[in-house]
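Commentary on secondary and tertiary structure
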Amino acid sequence: MTGIVGKVLALVLIYPNPFILQKIASRMGYDKDGNPTGEQAGYTLTLIETDNFNKVKVKIPMNKLPITQEQLDDLKNQNKRVFVKVIDGEIKPYYSSTTKTIEDSISAKGFEVVD
């Protein structure tokens, strides 16, 4: 076990570079007992690291998005990549009893498109 499990770290310490935005998906909410509420709670961004091309998923709250999935699809169809910077991202490593490994829970206040 590692000493950082359960601690919250600034995402920029682990991922200092901008990401490539791959997907924006709606994220549904759950009540305190873990039951689905049927209401949208925010979004999950699928991002790609620019140095090793690993996928990173980041949860963000309901915000006005700087780019929609439809706009992203249009740009991808033109073979263009969209680079983004995560705003106030946090990463919290935790032990998953399902996978029996340490995994990351990543959240942020939002994101912005960068050149």
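Let me sum up the structure you'll find in this document. Treat the numbers as computed from the prediction; the structure is a model and nothing was measured.

1. What to know about the environment of Leu9
Mapping Leu9 onto the fold places it in strand 1 (residues 9-10). Discounting chain neighbours no more than four positions away, the residues touching Leu9 are Ile4, Ile14, Gly89, Glu90 and Ile91.

2. Quick look at the side chain of Thr46
Structurally, Thr46 can be placed in strand 3 (residues 36-49). Overall, Thr46 belongs to the buried group, its relative accessible area being 8%. With sequence-adjacent residues up to four places away left out, Thr46 is seen in contact with Ile20, Leu21, Gln22, Lys23, Lys55, Val56 and Lys57.

3. Points about the environment of Phe53
Inspection of the secondary structure puts Phe53 in the loop between strand 3 and strand 4 (55-61). When the C-alpha atoms of Phe53 and Ile20 are compared, they prove to be 8.8 Å apart, with 33 residues separating the residues in sequence. Once residues within four sequence positions are removed from consideration, Phe53 is found in contact with Ile20 and Ile48.

4. Topic: the layout of surface pockets
If you add up the space inside the largest pocket, you get close to 180 Å³. Taken together, 13 residues form the lining of the largest pocket, with Val12, Tyr15, Pro16, Lys85 and Val86 sitting closest to its centre. For the lining of the largest pocket, the elements supplying multiple residues, two or more each, are helix 1 (11-14) and strand 5 (83-87). Here the element with the most residues in the lining of the largest pocket is strand 5; it accounts for 3 residues. Tallied by class, the residues present in the lining of the largest pocket amount to 9 nonpolar, 2 polar and 2 charged. Reported here for the second largest pocket is a volume of approximately 160 Å³. Together, Ile20, Leu21, Gln22, Ile48, Phe53, Leu72, Lys76, Asn79, Lys80, Arg81 and Val82 line the second largest pocket. Of all the secondary-structure elements, those providing two or more residues to the lining of the second largest pocket are strand 2 (19-30) and helix 2 (69-77). Considering each element in turn, the lining of the second largest pocket owes the most residues, 3 residues, to strand 2. For the lining of the second largest pocket, a count of residues per class yields 6 nonpolar, 2 polar and 3 charged.

Calculation criteria
- Residues numbered from 1 in each chain as written.
- Predicted model: local features only at pLDDT ≥ 70, side-chain atom pairs only at ≥ 80, totals over all residues.
- Heavy atoms only, no water.
- Helix = DSSP H or I, 4+ residues; strand = E, 2+ residues; numbered from the N terminus.
- Contact = heavy atoms within 4.5 Å.
- Buried < 20%, exposed > 50% of the residue type's maximum accessible area, 1.4 Å probe, protein only.
- 1 Å grid on protein atoms, 1.4 Å probe; cavity = no way out; pocket = protein on both sides within 12 Å on 5 of 7 lines; lining within 4 Å.
- Points joined across faces, edges and corners; volume = space filled by probe spheres on them.
- Nonpolar A, V, L, I, M, F, W, Y, C, P; charged D, E, K, R; others polar.

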